[in-house]
Amino acid sequence: MPESIGQYRLIERIASGGMGEVFKAKLVREGGFEKIVAIKRMLPNLSHDAAFEARFCSEARLSARLNHTNIVHVYDFGRQADTLFLAMEYVEGVDLRSLLAQLREGGERLPVAVALDIAIQACRGLDYAHRIKDEQGRELGLIHRDISPSNLLLSFEGEVKLTDFGLAAVRKQAGQDHLAGKYSYMPPEQIRGEPLDRRSDLYSLGLVLHEMLTNRQSYPSAIPPEALMRQIVSGTLEPPEAPGVSSSLADTVMDACALEKADRPPTTEEWRRRLQNEREALNPASIEAIPEMLKRLFPDRHDTPTPTNERTILSTQPIITPTDDATDESRPSAITPTKKASPHFALWTSLLILLAIASVVGYFRFFNTPSGSIVIESQPPGASVFHNGRNTGKRTPTTLSDLDQQQSHNLRLIQKYHVDWEQTITLESSEPVHVRAELERQRQACRLITTPPDAAVWLNNRKLAANTPVSVGKLTLGDVHHLRIEKEGYVALQTDFILDQAEAGEKSLSYNLQSLYRQLTIMTDPPDSVLRVDDERIDGSSPFDVQNLLPNRPIRIIAGKKGFQTVAKTVTPSSLAGPLHLKLSPFHATVVLDAPDGARVKLDGNAVPIPHTLQDAQKTQHLIVITFPGDTGKLVLRLKVRQIENRRGHFVPEAKLNLDAQPWATLTLDNQKPFTTPSSGQRLAAGRHQLKVQMRDSTVSHTVNLHVK
């Protein structure tokens, strides 16, 4: 018979991961009822690891709440022989990672429409998980934390199902174990140790869609982890460029993959609606659907019947199946005929048999020694049992039988994360001896170090009296320890860790804190320029050191000096690899003059076309005479441009106008209160200005435009 877990009979192993292994199995009941399911059981070597067991139980609790067509259903949860297992919906198909690998191997690319269909279905399942509520009707704030192609299952019927909630957490837990998951699909805030929310899952799903569209992993897993994490937090992802990917679809993908959570869509459902619009814009004709593609690429996996003998792959114990060679007592024996024995032969044979019986009886009577047994229990159970230095292959609770009463018996119990227990037992009778061992948990002296030092520490929800570097005493091995580190000006670090083995002396636990702020060096030419950052003047001269900048928040930088053109620039500190250089060019001003069609314009006595640009207008005062069509009068402007420092500290051009007219005229400047000529000292700031002119005794109004820059 194949191996069973609970009421489920295992058929074959489907996959194995870091926490468990997954089997195809069958539930068999009376009346011919059968159902194929998937069984996920925790790896046997982790069955006594409290941290992994807690994570496995957490997956069971969270998954049991989820009931959606785009999420793998969980039917049952239990324990057998100290090993936890889950019974889940069996999806006949492949995971997205296998599909993408098969396409790459065949030189194919996933059609854009199919990629959108997969992403849209995944959005539906993920949005449901994000909105799941507890018994009191409150949203749990569930976060999957491990969205990747291997956790998206595609059925041969075209359904997309989200699986593996082994790393999922509710909102209040989402900051713990902050580097759990796959680095290549991890959002930047998770690497920085910041709180996660549903937009963190959306980032990972956006990377999956980016990979489907470009046919390559957005952040290749082959890159060393530290370099990979630096790329992610720097936001080096480029928009997807591939045949059939429109600019609007590329923008939609990049919005989900934005470096900051605030720049992403607030919900998965909102992003799904945008993907749906992109999908509807595609021509549905001649598009291969998911079922047809899977059947074409994986013909050996489609409609493959379960073998009759239900062969079992992988078992912690040998699985013995009766064969046709087994002895059957009901079968007649085949006897080879021999010659008839003589009477003398029979006599000697009888004597030899009697002698053998006497020898055996004498041995057991005079030479056999009395035996006993030892019943061994331990707390916690599951310890390996050694007898006289030899590993018995048994784990507590167990019994050692047929032990010699005339010898002493050395027992040694070994359990991971515990101090070895040892005792010598002497058997005084055939009555079993009961031994119960209390195994002491191993401890490791630890010292916590941070860069920079002097950070406050909370260990297992208790604040330490001293700041780093600090000795934290002896911590138990195998337990999950909760750590939070805070220092003003740095990103708070919150994580979980497990001490796996004891070391001599004090173990150092080192953590690098990421600065909450950045310093930016700005160099100006000339060096005595006036520098302002976000309208705040920075004292000193070049090089300027600007402190306490948020890494990913854009800042506005303005450098100016009398006699030079002002330079304005918007930058993001984290995008700069070194100092920012700003070179100011000498000041010059330009004035663009425009008048109505038919008007005649003279500049400094020379006729000029309209519109006309006065280059280097700051060098001298200019005389402008304008004769309007239909009027005999003239408008006379005397214009001079200079450089001033405005109220915000910017060095900008300003034009000064003296106006006159023959005969006199009524003027309106920038829709302000009208005035009459002559007029002097009219000031025009940098920008566009409009001058309306109505000559005396005329009913017609003329417009003159001036642009100072």
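Residues numbered from 1 in each chain as written. Predicted model: local features only at pLDDT ≥ 70, side-chain atom pairs only at ≥ 80, totals over all residues. Heavy atoms only, no water.

### A short note on the nonpolar core
- Leu 99, Leu 110, Leu 209 and Met 212 are the most contacted members of the largest nonpolar core, which has 62 residues in total.
- If you tally residues by element for this core, the top one is helix 3 (residues 112-131), at 12 residues.
- Not counting residues up to four positions away in its chain, the partners in contact with Met 212 are Leu 96, Leu 100, Leu 110, Ala 115, Ile 118 and Ala 119.
- Ranked by size, the runner-up nonpolar core spans 33 residues in total, among them Ile 624, Leu 635, Ala 661 and Leu 706. (Core = buried A, V, L, I, M, F, W, Y, C linked by side-chain atoms within 4.5 Å. Buried < 20%, exposed > 50% of the residue type's maximum accessible area, 1.4 Å probe, protein only. Helix = DSSP H or I, 4+ residues; strand = E, 2+ residues; numbered from the N terminus. Contact = heavy atoms within 4.5 Å.)

### A closer look at the sheet that holds strand 12 (residues 390-395)
- Across the sheet, 4 strands lie side by side as 12-11-14-15; this open sheet has antiparallel pairing. The open sheet has two edge strands with one neighbour each: strand 12 and strand 15 (421-426). For this sheet, the mean angle separating the axes of adjacent strands, direction not counted, is 25°.
- Strand direction decides the pairing type here: strand 14 (residues 408-414) and strand 15, joined by 6 bridges, are antiparallel. By the bridge assignment for strand 15, Leu 413 is matched with Trp 421. (Pairing = 2+ DSSP bridges. Axes fitted to C-alpha atoms, helices over the stretch in contact; angles between N-to-C directions.)

### Focus: helix 3
- Between its first and last C-alpha atoms helix 3 spans 28 Å; for 20 residues at 1.5 Å apiece the expected length is 28 Å, and the two agree.
- Of all 20 residues that make up helix 3, 17 are buried, and the element is covered over most of its length. (Expected span 1.5 Å × (residues − 1).)

### Remarks on the packing of aromatic side chains
- Evaluation of the coordinates by the stated rule reveals 1 aromatic pair.
- Aromatic pair Tyr 8 and Phe 85: ring centres 6.3 Å apart, planes at 70°, arrangement edge-to-face. You can see Tyr 8 sitting in strand 2 (residues 8-16) and its partner Phe 85 sitting in strand 6 (residues 83-89), a full 77 residues away along the chain.
- What makes Tyr 8 buried here is its relative accessible area of 5%. (Phe/Tyr/Trp six-rings, centres within 6.5 Å; stacked < 30°, edge-to-face > 60°.)

### Looking at the pairing of strand 17 (residues 443-451)
- Only one face of strand 17 is buried, namely the one carrying Gln 444, Cys 446, Leu 448 and Thr 450, since none of Arg 443, Ala 445, Arg 447, Ile 449 and Thr 451 on the opposite face is buried.
- Pairing of strand 17 with strand 20 (residues 470-476) involves 6 bridges; the strand directions are antiparallel. Opposite Arg 447, over in strand 20, you have Ser 471 as the bridge partner.
- With 6 bridges connecting them, strand 17 and strand 23 (residues 507-512) associate as parallel partners.

### A word on the packing of helix 7 (residues 247-256) against helix 8 (residues 268-280)
- It is at 10 Å that the axes of helix 7 and helix 8 come closest, and there the two elements cross at 165°. Relative to helix 8, the element helix 7 is oriented roughly antiparallel. Helix-helix and strand crossings are classified by hand; for helix 7 and helix 8 the assignment is left-handed. Along its contact with helix 7, which presents Ser 248, Leu 249, Asp 251, Thr 252, Val 253, Asp 255 and Ala 256, the element helix 8 presents Trp 271, Arg 274, Leu 275 and Glu 278.
- For the contact of helix 7 with helix 8, the residue count by class is 5 nonpolar, 2 polar and 4 charged. (Parallel < 35°, antiparallel > 145°, perpendicular 65-115°, else oblique. Left-handed = near helix turned anticlockwise from the far one by under 90°. Nonpolar A, V, L, I, M, F, W, Y, C, P; charged D, E, K, R; others polar.)

### Some thoughts on the confidence of the model for the protein chain
- Here the protein chain shows a mean pLDDT of 83. Residues at 70 or above account for 84%.
- Across residues 167-179 the pLDDT falls below 50, and counting only partners more than four positions away or on other chains, this stretch makes 46 contacts in the model.
- The low-confidence segment residues 304-346, where pLDDT is below 50, has 35 contacts with residues more than four positions distant or belonging to other chains. (pLDDT = per-residue confidence, 0-100.)

### Some words on the pairing of strand 18 (residues 456-459)
- As judged from the 4 bridges shared by strand 18 and strand 21 (residues 480-486), these two strands associate in the antiparallel manner. The residue bridging Leu 459 from the neighbouring strand is Leu 483, located in strand 21.
- Counted along the chain from strand 18 to the antiparallel partner strand 19 (residues 462-463), the turn is 2 residues long, and its residue Asn 460 has a positive phi close to 50°.

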